[in-house]
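Below, each chain spelled out in residue letters.
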Amino acid sequence: MTSFSTDWLSLREGADHRSRDPVLQGQVLRYLEKISNLKNDPIHIVDLGSGTGSNLRALAPLIHHNQKWTLIDYDPLLLKAAREKICVWADSIADRTHNNHLDNDVNGLVTLVKNNYEITVQFLQKDLASKLQSELFESADLITAAAFFDLVALDWLVQFCRALKTSLYTVLTYNGEETWLPSDPRDTEILEAFHHHQGSDKGFGNALGPSAFKAMEQLLKKEGFQVETGSSPWILTRNDTSLIQELAAGTAKAVAETHLVSHEIAKQWGEQRAKSQYCEIGHDDLFAIYKKNSI
Ligand SMILES: C[S@@+](CC[C@H](N)C(=O)[O-])C[C@H]1O[C@@H](n2cnc3c(N)ncnc32)[C@H](O)[C@@H]1O
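Treat the numbers as computed from the prediction; the structure is a model and nothing was measured.

### A few points about the pairing of strand 4 (residues 110-114)
Side-chain direction in a regular strand flips from residue to residue, so the side chains alternate between the two faces of the sheet. Of all 5 residues in strand 4, 4 are buried; the element is thus mostly enclosed. Note: strand 3 (residues 96-99) against strand 4, 4 bridges, orientation antiparallel. Its bridge partner being in strand 4, His-98 is matched across the sheet by Thr-111. Bridge count between strand 4 and strand 5 (residues 117-125): 5 bridges; the pairing is antiparallel.

### Here we look at the site of the ligand
Close contacts around the ligand come from 18 residues, with Gly-49, Asp-73, Asp-127, Leu-128 and Ala-146 the closest. Asp-127 is positioned with one of its side-chain polar atoms (N or O) 2.8 Å from a nitrogen atom of the ligand. In this structure, Ala-146 approaches the ligand through a main-chain N or O atom, which is 2.9 Å from a nitrogen atom. The protein chains hide 99% of the 590 Å² of surface that the ligand would expose on its own.

### Topic: the nonpolar core
Counting 55 residues, the largest nonpolar core has Trp-69, Val-121 and Trp-234 as its most contacted members. Ignoring sequence-local partners within four residues, the contact set of Trp-69 consists of Ile-45, Asp-47, Asn-55, Leu-56, Leu-59, Ala-60, Ile-119, Thr-120, Val-121, Gln-122 and Thr-144. Listed in part, the 34 residues of the second largest apolar core include Ala-145, Phe-213, Leu-219 and Leu-286.

### Here's the deal with the packing of helix 1 (residues 6-19) against helix 4 (residues 76-93)
Axes are the key here: two packed helices are described by the angle between their axes and the distance separating the axes. One way to put it is that helix 1 packs onto helix 4 with a least axis distance of 11 Å and a crossing angle of 45 degrees. By the angle between their directions, the pair helix 1 and helix 4 is classed as oblique. Every pair of crossing elements has a handedness; the one defined by helix 1 and helix 4 is right-handed. On the side of helix 1, the interface is formed by Thr-6, Leu-9, Ser-10 and Glu-13, while helix 4 contributes Leu-78, Ala-81 and Lys-85.

### Focus: helix 2 (residues 22-37)
Given a rise of 1.5 Å per residue, 16 residues ought to cover 22 Å, and the 22 Å separating the end C-alpha atoms of helix 2 matches this to within 8%. Inspection of helix 2 places Leu-24, Gln-25, Gly-26, Gln-27, Val-28, Tyr-31, Leu-32, Ile-35 and Ser-36 among the buried residues, and these make up the whole buried set. In this fold, the buried residues of helix 2 make contact with strand 1 (43-48), helix 3 (54-59), strand 6 (142-146), strand 7 (167-181), strand 8 (226-231) and strand 10 (278-289). Capping of helix 2 at its N-terminal end is provided by Asp-21; its side-chain oxygen lies 3.0 Å from the backbone amide nitrogen of Val-23.

### Side note on the side chain of Asp-21
Among the structural elements, Asp-21 can be located in the loop between helix 1 and helix 2. One buried charged residue, Asp-21, forms no salt bridge at all, with the nearest opposite charge on Arg-30 at 9.5 Å. Leaving out residues up to four positions away in the same chain, Asp-21 has contacts with Gly-230, Ser-231, Ser-232 and Asp-285.

Reading the values: rules and limits
- Residues numbered from 1 in each chain as written.
- Predicted model: local features only at pLDDT ≥ 70, side-chain atom pairs only at ≥ 80, totals over all residues.
- Heavy atoms only, no water.
- Buried < 20%, exposed > 50% of the residue type's maximum accessible area, 1.4 Å probe, protein only.
- Helix = DSSP H or I, 4+ residues; strand = E, 2+ residues; numbered from the N terminus.
- Pairing = 2+ DSSP bridges.
- Near = heavy atom within 4 Å.
- Polar contact = N/O pair within 3.5 Å; in protein donor to acceptor, adjacent residues only side chain to side chain.
- Areas by Shrake-Rupley, 256 points an atom, 1.4 Å probe, with all protein chains shown as cover.
- Core = buried A, V, L, I, M, F, W, Y, C linked by side-chain atoms within 4.5 Å.
- Contact = heavy atoms within 4.5 Å.
- Axes fitted to C-alpha atoms, helices over the stretch in contact; angles between N-to-C directions.
- Parallel < 35°, antiparallel > 145°, perpendicular 65-115°, else oblique.
- Left-handed = near helix turned anticlockwise from the far one by under 90°.
- Expected span 1.5 Å × (residues − 1).
- Lys, Arg positive; Asp, Glu negative; His and termini not counted.
- Salt bridge = Lys/Arg side-chain N within 4 Å of Asp/Glu carboxyl O.

The structure is reproduced here in structure tokens:
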């Protein structure tokens, strides 16, 4: 299993939020508005691999309807951090909040009220790799995920797309395209080795890594979904120094682990890239509308 630190997820949150494709996000919001006009209950959104809740913080304030969110992650520490961060965030944006939390209970709800809309958040610790629990999704109006699908394996993705019976909105799936400036003669071999690392087992079997997005798009079309896509590259500049430094160090470490590039070259590249003042990291977003809910 691969674990992600709360520090890394916090560091990337600003870049993640500003990089999401706004046109596609607008389509998702119109879709949710249409759904909300057809029901009195809150809209139910399930976030896969939710980490500390960044996806909720990006999307929930844009939805003008009561909402119920289910955040699913296998990492109890990230779910605990998610609760804490959502409470702090809610205190800063909401008119009222209620944290129904007993010590050591990761499952208690958080509820906040903003402009008369209620947002209820529940936290579920589940390993999505162990068995695809489609019952988790049954009551959902939308399944969403951020920076998650590049971790999964092809077999898992095939099963997931087959089992999916609701619309899906995924953001920030890594697509393998990277530009670092100024260019460096080692960039190509480093990127190849990094892609090799991205394809290693992240808990689901060999990960699709940079090929996940295209595979997902094709599989969902085959299942009859109406699929719309957009791009969400990180464009990092001198205002993102800490993120660039962590990214360079993380890439160099991953590359060294593959043994496709010498430890020394990976280290030198990482040190050089930590000083970069511009880089683009390619990601893609996807909105797949379930045929019964077409808009
Ligand atoms: C790159 S992080 C993204 C987190 C969050 N969506 C965000 O945008 O900040 C990937 C997340 O997927 C979760 N994850 C990975 N494998 C998982 C699995 N098998 N079951 C549930 N969650 C998983 C990790 O714990 C982590 O929170």
